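Working through the structure, step by step
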Amino acid sequence: MLPRSLRDIHLPSFYVNGSRLNIVSKKGYLGYIISSNDKDDFAVQKECRAVYARGNMLLRKFKICSTEVKKQLFTSYCSFFYCCALWCNFNKTSLQDLQVAYNNIFRLLMNLPYRCRVSPHFIALGMNHFSVIRRKLVHSLYQRILLSKNTLISTLVRCNHFASSRMLLENDKTPDTCNCRKKEECPLPGKCTIQNVIYEAKVTTENDYKRYIGLTAMPFKKRYSSHKSSFNNRDKSNQTELSKHIWKLKDEGTT
Ligand SMILES: [Zn+2]
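Residues numbered from 1 in each chain as written. Predicted model: local features only at pLDDT ≥ 70, side-chain atom pairs only at ≥ 80, totals over all residues.

Further remarks concern the overall build of the protein. Along the protein, the regular secondary structure elements total ten helices and six strands. Across the 255 residues that make up the protein, the buried fraction comes to 11%. (Helix = DSSP H or I, 4+ residues; strand = E, 2+ residues; numbered from the N terminus. Buried ≥ 20, exposed ≤ 12 C-beta atoms within 10 Å, placed from the backbone.)

In structure tokens, the structure reads:
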């Protein structure tokens, strides 16, 4: 069995110039925090503090700038998380804290109300949401490793152990974006599980026509069934603007 941390194994003392070296539970190396329990939480928390520090600096100095300037500054200073592509073993709350920090700084900088949803504003300004940035950084690392001309890296990538690893498998695999049992009833043929979608609904009555634009970060299929249930359940009539409109039509007896 592998030891869970350095405390579980007996290590001999090491000396340099007569001074005994201390054994520590975490150590910063090249800007990254390596911890003895093999977790990335310290690194995630460090990035969280860094986002607040950089964000506060932006708020102090550039709060009254135009939206376009603030957008560029936010993208340059707050939309990069050092070594984020390497995080794989951390508590969910650490990552949530970082996302909250990112969203809070964005709200304050753009003068948005506290606790408002930030996704529509990110889309309206053509900026990337936290999860999008993370995904892009991970993908960029994937590509750099797989396409690297470095002899050592390319040898490792081609070795049997690496070839069978998840990284290569995921790279070759075409993602399955529909999980419907009856494919002919799929709400978005062949693509119902895709996420981060902007969609349009048209409500047509005998003498009226309304368009509803929605967006969702969750799988489209989930959002679709949530809309359907809000049309049939009066308790959920206030869930969305679309359900409010449908129930208004129902109450008026319009078809
Ligand atoms: Zn489907």
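Taken together, the four bridges between strand β3 (residues 26–29) and strand β4 (residues 32–35) define a ladder with antiparallel strand orientation. Note on β4: the bridge partner recorded for Y29 is Y32. (Pairing = 2+ DSSP bridges.)

The next point concerns unusual backbone geometry. Phi angles above zero are rare outside glycine, and L30 is one such case at about 50°. Mapped onto the secondary structure, L30 falls in the loop between β3 and β4. In this structure L30 comes out as exposed when scored by C-beta crowding, with 7 C-beta atoms within 10 Å. Notably, C83 is not glycine yet its phi reads approximately 60°, a positive angle. Looking at where C83 falls in the secondary structure, it is placed in the loop between α2 (67–78) and α3 (92–109). Residue classification places C83 among the partly exposed positions, given that 17 C-beta atoms sit within 10 Å.

Relative to the helices and strands, Q72 is located in helix α2. Judged by C-beta crowding, with 13 C-beta atoms within 10 Å, Q72 ranks as partly exposed.

The angle between the axes and the distance between the axes are what describe a pair of packed helices. Running from amino to carboxyl end, helix α1 (residues 41–62) crosses α3 at an angle of 5°, the nearest separation of the two axes being 9 Å. By the angle between their axes, α1 is roughly parallel relative to α3. Along its contact with α1, which presents D41, V44, Q45, E47, C48, V51, Y52, G55, L58 and L59, the element α3 presents S94, L95, D97, L98, A101, Y102, I105, L108 and L109. When its residues are assigned to classes, the contact of α1 with α3 shows 13 nonpolar, three polar and three charged. (Axes fitted to C-alpha atoms, helices over the stretch in contact; angles between N-to-C directions. Parallel < 35°, antiparallel > 145°, perpendicular 65-115°, else oblique. Contact = placed C-beta atoms within 7 Å. Nonpolar A, V, L, I, M, F, W, Y, C, P; charged D, E, K, R; others polar.)

With respect to the helices, strands and loops of the structure, Y77 is situated in helix α2. Once the C-alpha coordinates of Y77 and L58 are considered, the two residues, 19 residues apart in sequence, prove to be 8.4 Å apart. The residues touching Y77, leaving out its near neighbours within four places in the chain, are R54 and L58.

So, about α2. Look at α2: 15 Å from first C-alpha to last across twelve residues, which is about the 16 Å you get at 1.5 Å a residue. Taken together, the buried positions of α2 are K70, F74 and C78. Here the buried residues of α2 occupy an arc of 35° about the axis, which is enough to place them on one side. In α2, those exposed residues whose orientation departs by more than 90 degrees from the buried face are E68, V69 and S76. Of the surrounding secondary structure, the elements contacted by the buried residues of α2 are α1 and α3. (Expected span 1.5 Å × (residues − 1). Arc of directions from axis to C-beta.)

One finds V44, V51, L98, A101, Y102 and I105 to be the most contacted residues of the largest nonpolar core, which totals 15 residues. Listing elements by their share of this core, those giving two or more residues are α1, α2 and α3. The leading source of residues in this core is α3, at seven residues. Excluding anything up to four places from it in sequence, A101 contacts C48, V51 and Y52. (Core = buried A, V, L, I, M, F, W, Y, C linked by C-beta atoms within 7 Å.)

Running from N to C, α2 and α3 point in directions that differ by 160°, and their axes come no closer than 11 Å. The orientation of α2 with respect to α3, classified from their angle, is roughly antiparallel. Helix-helix and strand crossings are classified by hand; for α2 and α3 the assignment is right-handed. Together, K70, F74 and C78 of α2 and Y102, I105, F106 and L109 of α3 make up the contact between the two elements. Counted by class, the contact of α2 with α3 contains six nonpolar, no polar and one charged residues. (Left-handed = near helix turned anticlockwise from the far one by under 90°.)

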